[in-house]
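Here are the chains, one letter per residue:
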Amino acid sequence: MKYYLIVGEASGDLHASHLMRSLKKNDSQAEFRFFGGDLMSAEGGTRVRHFKDLAYMGFVPVLMHLPTIFKNMSFCKQDIVRWHPDVVILVDYPGFNLSIAKYVHANTDIPVYYYISPKIWAWKEYRIKSIRKNVDQLFSILPFEVPFFEQKHNYPIHYVGNPTADEVREFLATNKESHEPLSSKKIIALLAGSRKQEIKDNLPAMLQATSSFTDYQLIIAGAPGIEKEYYDQFLKNTNVKIVYNQTYELLSQSTAALVTSGTATLEAAMFKVPQVVCYKTPLPYLVRFAFNHIIKCKYISLVNLIADKEVVKELLADKFSVKNIQNELNRILPGRPYRETMLNGYEEIHRQLGNLKAPDNAAKIMLKLLNNQQKQSDNASFMC
């Protein structure tokens with residue numbers, strides 16, 4: 001079958017590449033055409049555009065690049081019609097992808113599948129109308145999305161497992177013998193975000209808060225694409241180390257972690273590393289008001305969202321301070337009761353995520369649906 005995939009950022013490139021690999025295992029005739037990145041290209045097929053041509057973050061950059069965004073969107077729609085795949089698979093990136101879904105639904109008979117569903121439970125819940133109308137099948141990697149879509153919005157979805165849980169389990173299974181130790185001391189890991197602004201906002205307070213924990217080695221997980229020189233401006237007169245492309249090695253050896261929200265919170269939980277979630281924002285009291293009265297979700301960390309309760313402490317907005325970081329970090333070090341409480345909470349996260357291998361499970365479901373649809377189409381043609 002012919003698969004057209006669209007991603008708009010690095011995480012989508014990773015998840016889509018794994019899905020492509022799984023589709024190839026289940027469909028020896030698989031052909032791919034895609035908007036994606038280097039990881040997807042390594043799986044074969046034709047890359048139409050690199051996701052870097054699409055990925056503009058923030059109001060001003062998006063505004064400045066609107067002509068390019070619209071040009072790519074128009075080209076993508078035309079390219080889908082010309083190639084006429086058996087299915088269009090969208091991966092996250094809802095601002096772009098929901099527009100594509102609308103066009104494909106209105107102008108073709110090509111089914112639209114959405115892998116890694118848009119996070120409308122947090123923001124822009126009105127997008128359910130577009131999803132309901134223009135997306136044929138929705139594939140979720142977060143278990144709490146099932147009741148959100150199916151019970152609240154009466155829209156059936158497929159929970160296929162969680163890729164992050166898959167990757168951590170695979171790492172632990174294939175790295176039973178520990179890597180070379182990153183430090184002779186116990187480690188506190190600092191995961192300060194993947195973008196320069198996040199690092200600038202969060203890392204200085206993390207460093208200040210941990211400076212008194214002299215029995216521990218502080219190690220930063222360097223973000224891909226952020227040069228070491230950028231970190232160096234914050235690390236003068238410190239003994240803090242930085243490692244790249246070793247986040248899992250770091251977490252597997254860490255006693256505790258300070259984490260800026262994102263997938264890293266779930267990774268820390270999967271490695272059973274107690275953590276404090278730290279996220280500085282502008283206008284902190286306004287942000288707190290928004291969380292209390294406007295934003296639909298109660299938490300920012302995947303750990304708490306999955307558990308639907310506070311398993312890890314979130315120091316967001318007005319709760320973000322050096323003193324609070326110090327106090328919460330102290331509570332999760334060895335010998336503290338709260339550490340054991342958090343580790344017990346992690347067990348529930350593991351249980352809810354389950355043991356499904358997300359890309360394999362999604363690929364099998366997709367292929368079964370497509371084959372059934374093809375049979376129904378053939379039967380209809382025969383009856384005519």
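Right above here is the structure, for reference.
Residues numbered from 1 in each chain as written. Predicted model: local features only at pLDDT ≥ 70, side-chain atom pairs only at ≥ 80, totals over all residues. Heavy atoms only, no water.

Participant: Where do I start with the overall build of the protein in this structure?
Facilitator: For the protein, the count of helices and strands is 17 helices and 13 strands. Computed over the C-alpha atoms, the radius of gyration of the protein is 22 Å, within 12% of the 21 Å expected from 2.2 N^0.38 for a compact globule of 384 residues. Projected onto the principal axes, the alpha-carbon positions of the protein cover approximately 80 × 45 × 40 Å. Scored against the burial criterion, the 384 residues of the protein give a buried share of 52%. (Helix = DSSP H or I, 4+ residues; strand = E, 2+ residues; numbered from the N terminus. Rg over C-alpha atoms; globule rule 2.2 N^0.38 Å. Buried < 20%, exposed > 50% of the residue type's maximum accessible area, 1.4 Å probe, protein only.)

Participant: Just to check I follow, could you spell out the nonpolar core for this structure?
Facilitator: Most often, soluble globular proteins have nonpolar side chains that are buried together. Counting 135 residues, the largest nonpolar core has Y3, L5, I6, I89 and Y115 as the members making the most contacts within it. Not counting chain neighbours up to four residues away, the residues in contact with L5 comprise A16, L19, M20, F32, R33, F34, F35, M40 and I89. (Core = buried A, V, L, I, M, F, W, Y, C linked by side-chain atoms within 4.5 Å. Contact = heavy atoms within 4.5 Å.)

Participant: In this structure, what is going on with the sheet that holds strand β11 (residues 254–259)? I would like to understand it.
Facilitator: Strand pairing within a sheet occurs via backbone hydrogen bonds; the two strands may be parallel or antiparallel. Spatially, the six strands line up as an open sheet ordered β10-β9-β8-β11-β12-β13, and their pairing is parallel. Looking at strand neighbours, the two that pair on one side only are β10 (241–244) and β13 (313–316), the edges of this open sheet. Geometrically, the sheet is characterised by an average inter-axis angle of 25° between neighbouring strands, direction not taken into account. With respect to the sheet, helix α15 (residues 322–331) is in contact with β8 (186–191), β11, β12 (275–279) and β13, its orientation differing from that of β13 by roughly 170°. (Pairing = 2+ DSSP bridges. Axes fitted to C-alpha atoms, helices over the stretch in contact; angles between N-to-C directions.)

Participant: When you look at the pattern of salt bridges in this model, what are you seeing that I'm missing?
Facilitator: Pairing is possible between side chains of opposite charge, provided their charged atoms come close. Overall, the coordinates contain 17 salt bridges when judged by the stated rule. In this structure, the salt-bridge partner of D79 is R82, at a minimum N-O distance of 3.7 Å. Of the two residues, D79 and R82 are both situated in helix α4 (residues 66–83); the distance of three residues between them amounts to about one turn of the helix. The salt bridge partner of R331 is E328, with a shortest N-O separation of 3.0 Å. Placement of the pair is R331 and E328 together in helix α15, with a separation of three residues, close to one helical turn. Relative accessible area serves as the criterion here: at 36%, R331 is assigned to the partly exposed category. Among the ionic contacts, a cluster of salt bridges with common partners joins R21, K24 and E43. (Salt bridge = Lys/Arg side-chain N within 4 Å of Asp/Glu carboxyl O.)

Participant: I keep staring at the sheet that holds strand β6 (residues 137–140) and nothing clicks. Help me out?
Facilitator: Taken in spatial order, the seven strands of this open sheet run β3-β2-β1-β4-β5-β6-β7, and their pairing is parallel. Every interior strand has two partners, whereas the edge strands, β3 (46–50) and β7 (158–159), have only one. Inspection of the sheet shows strand β5 (residues 112–115) paired to β6 by three bridges, in the parallel sense. Within β6, the position partnered with Y114 by the bridge is L138. Packing against the sheet, helix α1 (residues 10–26) makes contact with β1 (2–6), β2 (31–36), β4 (87–91) and β5, and its axis sits at approximately 175° to β2.

Participant: Explain unusual backbone geometry here, please?
Facilitator: A negative phi angle is the norm for most residues apart from glycine, just as the trans form is the norm for most peptide bonds. The backbone of K124 shows a phi angle near 60°, a positive value even though the residue is not glycine. With respect to the secondary-structure elements, K124 resides in the loop between β5 and α6 (128–134). Judged by its relative accessible area of 33%, K124 falls in the partly exposed class. One non-glycine residue with positive phi stands out, namely L283, at about 45°. Accessibility expressed as a relative area gives 60% for L283, which makes it exposed.

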